[in-house]
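# A look at the structure
So the chains spell out like this:
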Amino acid sequence: MKFVVGNWKMNGSREILREMIRQIDGLRPENRVVLCVPFTLLGEKSTNIAFGAQDVSSHERGAYTGEVSATMLSEAGAKYVIVGHSERRMYHDETNDIVREKAMRALESGITPIICVGETMDEKRAGKTIDVITSMVRESLPTNVRDDIIIAYEPRWAIGAGITPTADEIAGAHRVIADTLSYMGLDGTPILYGASVNAANVGDIVAIRNVDGVLVGGASLKPEEFIPIIQSVK
Ligand code: PEP
């Protein structure tokens, strides 16, 4: 079963979320639908959607004003959490070490981390895509895990840009990630593609080898854009 994961970033409201739930609960999705919403919107119930957060503290508890722990997320109903999104890496200086710590905290609380990796345009132009994503996968994943984790390949230059890599570029990146995971003993870990996914391109993207679903930003905010994506992913 493939994944369709929405990342609402700092958008949405409870009213918009309830309408999204109402419409998606009226479907019969053939995939696993996850919505990663702002912390304050966790706690809603849905038959067809599992909820996730977009970040988690790398600390278990304590004097970390403004942070939210994995146990708190779990208590609020989160089953998934995005860690290492490029916006966190870029605006909050999150390193692979921090991302790995966050993923550990999530796993300890029974939450599946969706660990994001992807190259910048400068790295792509310099021919470093393979090296960058290989080291991101190796360094951002907790060691000795056999638990549930998900990887999202998100080329940073394509996020929110309305452009997607070619099918060959996506296939190449996903093959490198699959090989790296296999080397780490993590065969079978789902690998999602994210960046500028929409209803028009999603069918072609999920048909690519080693693509186990999609992570959708902008197009996950409105039912009329998100539902056609869900319906196109088989
Ligand atoms: C994202 O930021 O995770 C993302 C996939 O964004 P978009 O779909 O808007 O490119």
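Here, the structure is the one placed above.
Note that the structure is predicted; figures quoted are calculated from it, not measured. (Residues numbered from 1 in each chain as written. Predicted model: local features only at pLDDT ≥ 70, side-chain atom pairs only at ≥ 80, totals over all residues. Heavy atoms only, no water.)

### Side note on the packing of aromatic side chains
- Summed over all chains, the structure comprises two aromatic pairs.
- Consider the rings of Phe3 and Tyr80, whose centres lie 6.4 Å apart with planes at 80 degrees: the pair is edge-to-face. A residue pair is termed long-range when its members are at least 10 positions apart, and Phe3 in strand S1 (residues 3–7) and Tyr80 in strand S4 (residues 80–83) qualify at 77 residues. Of the two residues, Phe3 and Tyr80, both sit in the buried class. (Phe/Tyr/Trp six-rings, centres within 6.5 Å; stacked < 30°, edge-to-face > 60°. Helix = DSSP H or I, 4+ residues; strand = E, 2+ residues; numbered from the N terminus. Buried < 20%, exposed > 50% of the residue type's maximum accessible area, 1.4 Å probe, protein only.)

### Observations concerning the packing of helix H4 (residues 96–108) against helix H6 (residues 129–140)
- Contact geometry for H4 and H6: axes closest at 8 Å, N-to-C directions at 45 degrees. Considering the angle they form, H4 stands oblique to H6. The segment H4 lies against H6, with Asn96, Val99, Arg100 and Ala103 engaging Ser135, Met136, Glu139 and Ser140. (Axes fitted to C-alpha atoms, helices over the stretch in contact; angles between N-to-C directions. Parallel < 35°, antiparallel > 145°, perpendicular 65-115°, else oblique. Contact = heavy atoms within 4.5 Å.)

### A few points about the sheet that holds strand S3 (residues 49–53)
- The strand order around the closed barrel built from eight strands is S1-S2-S3-S4-S5-S6-S7-S8, with neighbouring strands paired in parallel fashion. Strand-to-strand twist across the sheet, computed as the mean angle between neighbouring axes with direction ignored, equals 25 degrees.
- Where S1 meets strand S2 (residues 32–36), five bridges bridge the pair, whose relative direction is parallel. Residue pairing in the sheet places Phe3 in a bridge with Arg32 of S2.
- Here helix H1 (residues 14–24) sits on the sheet in contact with S2 and S3, set at roughly 150 degrees to S3.
- Each of S4 and strand S5 (112–117) touches H4; the most contacted strand, S5, lies at about 160 degrees to it. (Pairing = 2+ DSSP bridges.)

### Some points on the side chain of His174
- Checked against the element boundaries, His174 lands in helix H7 (residues 167–183).
- Looking at His174, the relative accessible area reads 0%, which means it is buried.
- Separated by 2.9 Å, the side chain of His174 and the backbone oxygen of Asn210 make a polar contact. (Polar contact = N/O pair within 3.5 Å; in protein donor to acceptor, adjacent residues only side chain to side chain.)

### Points about empty space enclosed by the protein
- Going through the model one piece at a time under the given rule, you end up with one cavity of 30 Å³ or more.
- Its boundaries defined by the atoms lining it, the largest cavity holds a volume of some 40 Å³.
- As for the largest cavity, its lining consists of Gly84, His85, Ser86, Arg89, Cys116, Val117, Gly118, Met136, Glu154 and Arg156.
- Mapped by element, the contributors of at least two residues to the lining of the largest cavity are helix H3 (86–91) and S5.
- Class assignment of the residues belonging to the lining of the largest cavity gives a composition of three nonpolar, four polar and three charged. (1 Å grid on protein atoms, 1.4 Å probe; cavity = no way out; pocket = protein on both sides within 12 Å on 5 of 7 lines; lining within 4 Å. Points joined across faces, edges and corners; volume = space filled by probe spheres on them. Nonpolar A, V, L, I, M, F, W, Y, C, P; charged D, E, K, R; others polar.)

### So, the environment of Glu60
- Relative to the helices and strands, Glu60 resides in the loop between S3 and helix H2 (70–75).
- A relative accessible area of 45% places Glu60 in the partly exposed class.
- Residues Glu60 and Ala106 lie 46 residues apart in sequence; the distance between their C-alpha atoms is 9.7 Å.
- Beyond its immediate chain neighbours, meaning those up to four positions away, Glu60 contacts Ser69, Thr71, Arg105 and Glu108.

### Notes on the site of the ligand
- All residues adjacent to the ligand are Asn7, Lys9, His85, Glu154, Ile159, Gly160, Ala195, Ser196, Leu215, Val216, Gly217 and Gly218.
- At 2.8 Å, a side-chain N or O of His85 approaches an oxygen atom of the ligand.
- Protein burial of the ligand: of its 300 Å² of free accessible surface, 95% is covered by the chains.
- A per-class count over the shell around the ligand returns four nonpolar, six polar and two charged. (Near = heavy atom within 4 Å. Areas by Shrake-Rupley, 256 points an atom, 1.4 Å probe, with all protein chains shown as cover.)

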